[in-house]
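Coordinate inspection notes
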Amino acid sequence: MFHATHVVSHKYEEALDDTGIVLFDTQGNLWGFLAENNAAADVYLQFFDSNSGSSGNPVFTIRIPASSAVGKDIEDKAAYHFANGCSVRAVDARAGSSLSVAGPTLQFWYAKH
């Protein structure tokens, strides 16, 4: 799949936790995502402009209501730009740092520069 001049990659994460993952480790854009929360409690996704993990202040946080799904369509014109890479983790509260329920299932579409 191509978007503008960059190849768009896909990553699937079965159960994101509070340790998080490095989605991409160089400058790039997050074009879309789909997050499914099967837990009976809300979960928050924290996105970091970092190539080494999920620490510090997130660039933005998205709430996934209990037993729901949220996403951003890859066909939307706007992408989220990350200068240093993108790391993401799941937590119990907007400003939290831990997760006590099963983590959400996620799919990401992104392009590294």
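Residues numbered from 1 in each chain as written. Predicted model: local features only at pLDDT ≥ 70, side-chain atom pairs only at ≥ 80, totals over all residues. Heavy atoms only, no water.

Under the defined criterion, the tally for this structure stands at six aromatic pairs. Here Phe-24 and Tyr-110 contribute two aromatic rings whose centre-to-centre distance is 5.3 Å and whose plane-to-plane angle is 20 degrees, an arrangement assigned as stacked. Remark: Tyr-110 occurs in strand S11 (residues 105–112) and Phe-24 occurs in strand S4 (residues 21–24); sequence separation between them is 86 residues. One aromatic cluster in this structure is built from Phe-24, Phe-33, Phe-47, Phe-60, Tyr-80, Phe-82 and Tyr-110. (Phe/Tyr/Trp six-rings, centres within 6.5 Å; stacked < 30°, edge-to-face > 60°. Helix = DSSP H or I, 4+ residues; strand = E, 2+ residues; numbered from the N terminus.)

If you trace the backbone, Ser-50 turns up in the loop between strand S6 (43–48) and strand S7 (60–64). A relative accessible area of 13% means that Ser-50 is categorised as buried. In sequence terms Ser-50 and Gly-85 are 35 residues apart; their C-alpha atoms lie 4.9 Å from each other. Those residues in contact with Ser-50 that sit more than four places away from it in its chain are Phe-24, Asn-84, Gly-85, Cys-86 and Ser-87. Separated by 3.1 Å, the side chain of Ser-50 and the backbone nitrogen of Ser-52 make a polar contact. (Buried < 20%, exposed > 50% of the residue type's maximum accessible area, 1.4 Å probe, protein only. Contact = heavy atoms within 4.5 Å. Polar contact = N/O pair within 3.5 Å; in protein donor to acceptor, adjacent residues only side chain to side chain.)

Nonpolar side chains in soluble globular proteins generally cluster together in the buried interior. With 21 residues, the main nonpolar core has Leu-30, Leu-45, Phe-47 and Phe-108 as its most contacted residues. For this core, the elements supplying multiple residues, two or more each, are S4, strand S5 (28–37), S6, S7, strand S10 (86–91) and S11. Each residue touching Leu-30, except ones within four places of it in the same chain, is listed here: Leu-23, Phe-24, Phe-47, Ala-79, Tyr-80, Phe-82, Phe-108, Trp-109 and Tyr-110. (Core = buried A, V, L, I, M, F, W, Y, C linked by side-chain atoms within 4.5 Å.)

Read from one edge of the open sheet, four strands run S4-S10-S6-S7, paired in antiparallel fashion. A single partner strand is all that each edge strand has here, and the edge strands are S4 and S7. Neighbour-to-neighbour, the strand axes of this sheet turn through a mean angle of 25 degrees, independent of strand direction. Sheet analysis places S6 next to S7, joined by five bridges and oriented antiparallel. Bridge assignment links Val-43 to a residue of S7, and that residue is Ile-64. (Pairing = 2+ DSSP bridges. Axes fitted to C-alpha atoms, helices over the stretch in contact; angles between N-to-C directions.)

A word on the environment of Ala-78. Positionally, Ala-78 belongs in the loop between strand S8 (68–72) and strand S9 (80–82). Separated by 49 residues in sequence, Ala-78 and Asn-29 have C-alpha atoms that sit 9.5 Å apart. In this structure Ala-78 touches Trp-31 and Lys-72, once residues within four positions along its chain are discounted.

Below, the discussion takes up the pattern of salt bridges. On inspection of all chains with the given rule, the structure shows two salt bridges. In this structure, the salt-bridge partner of Lys-112 is Asp-25, at a minimum N-O distance of 3.8 Å. Pair noted here: Lys-112 is in strand S11 and Asp-25 is in the loop between S4 and S5, with a separation of 87 residues, a long-range link. Put simply, Arg-63 and Asp-42 hold a salt bridge, and the shortest N to O gap is 2.8 Å. Taken as a pair, Arg-63 in strand S7 and Asp-42 in the loop between S5 and S6 lie far apart in primary sequence, 21 residues in all. Residue classification places Arg-63 among the partly exposed positions, given a relative accessible area of 39%. Residue classification places Asp-42 among the partly exposed positions, given a relative accessible area of 28%. (Salt bridge = Lys/Arg side-chain N within 4 Å of Asp/Glu carboxyl O.)

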